[in-house]
Amino acid sequence: MTKEIWKDIPEYEGLYRISSTGRVLGLKSNKILKPKTSNSGYFEVSLSKNGKTKMYILHRIVAKVFVPNPNNKETVNHIDENKKNNNFDNLEWLSIKENNSYGSRAEKENFVLAQKTRKACYQYDLEGNLISFFLSQSQASKETGLSLSSISNCMRGKTSQVHGYVFRKELL
């Protein structure tokens, strides 16, 4: 069994540390933060600094701190496809294309490609960080648990965000 390693979270040095297994320690309280599950099934945590609180997808923090990304790839993939397994050795950086053709996603891709009216969409957090790519708005709705009409309205500019996420038809 590999020893759990702790490192400061960038931009939150002295406030929070992340472990190689995906746990977050609040240094002021000396307590492990309890992550919430996002609509898309990923663990997320709230980090506070200077009176401002932001939500972060946990596996992205682990990957940024523990997984090298020499080719500056955009997405973090769970190798075992278990969204709750945020151990650093289960994470890898992939391009959007690689991520969407990985494992069982390839089966979903073939299904969606058969739909003639599909409109691909990119999901971002409110900070502009890419979270996911979907081949259709329907796929985005199914995988995030958000309504299709809300995602569509966001993509058409009728709303600025949906439950803390922004959906766009292109890379920002």
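Refer to the preceding data block for the structure.
Cut-offs applied
Residues numbered from 1 in each chain as written. Predicted model: local features only at pLDDT ≥ 70, side-chain atom pairs only at ≥ 80, totals over all residues. Heavy atoms only, no water. Core = buried A, V, L, I, M, F, W, Y, C linked by side-chain atoms within 4.5 Å. Buried < 20%, exposed > 50% of the residue type's maximum accessible area, 1.4 Å probe, protein only. Helix = DSSP H or I, 4+ residues; strand = E, 2+ residues; numbered from the N terminus. Contact = heavy atoms within 4.5 Å. Patch = residues over 30% accessible without salt bridge, like charges linked within 9 Å, V, L, I, M, F, W, Y side chains within 5 Å. Areas by Shrake-Rupley, 256 points an atom, 1.4 Å probe, with all protein chains shown as cover. Salt bridge = Lys/Arg side-chain N within 4 Å of Asp/Glu carboxyl O. Lys, Arg positive; Asp, Glu negative; His and termini not counted. Charge placed at Lys NZ, Arg CZ, Asp CG, Glu CD. Pairing = 2+ DSSP bridges. Axes fitted to C-alpha atoms, helices over the stretch in contact; angles between N-to-C directions.

**Focus on the nonpolar core**
- By size, the foremost hydrophobic cluster in this structure holds 20 residues, and its most contacted members are Cys 121, Tyr 122, Ala 140, Leu 146, Ile 151, Tyr 165 and Phe 167.
- Every element with two or more residues in this core is listed here: strand E10 (121-125), strand E11 (130-134), helix H5 (148-155) and strand E12 (165-168).
- When residues of this core are assigned to their parent elements, the largest contribution, four residues, is made by E11.
- Contacts of Phe 167, omitting those with residues within four sequence positions, involve Cys 121, Tyr 122, Gln 123, Phe 134, Ala 140, Leu 146, Ile 151, Cys 154, Met 155 and Val 162.
- Grouped together as the second largest cluster of nonpolar side chains are 18 residues, Ile 9, Leu 47, Val 62 and Val 65 included.

**Concerning a positive patch on the surface**
- On the surface, a cluster of positive charge is made up of Lys 119, Arg 156, Lys 158 and Lys 169.
- Structurally, Arg 156 can be placed in the loop between H5 and E12.

**Here we look at the sheet that holds E12**
- Sheet architecture is open: three strands sit in the order E11-E10-E12, paired in antiparallel fashion. Either end of the sheet is taken by a strand with one partner, and the two such strands are E11 and E12. The mean angle between the axes of side-by-side strands here comes to 20°, regardless of whether they run parallel or antiparallel.
- The pairing of E10 with E11 spans four bridges and is antiparallel. Within the sheet, the bridge partner assigned to Tyr 124 lies in E11 and is Leu 130.
- Against the sheet, helix H4 (residues 137-144) contacts E10, E11 and E12, and its axis sits at roughly 125° relative to E11.

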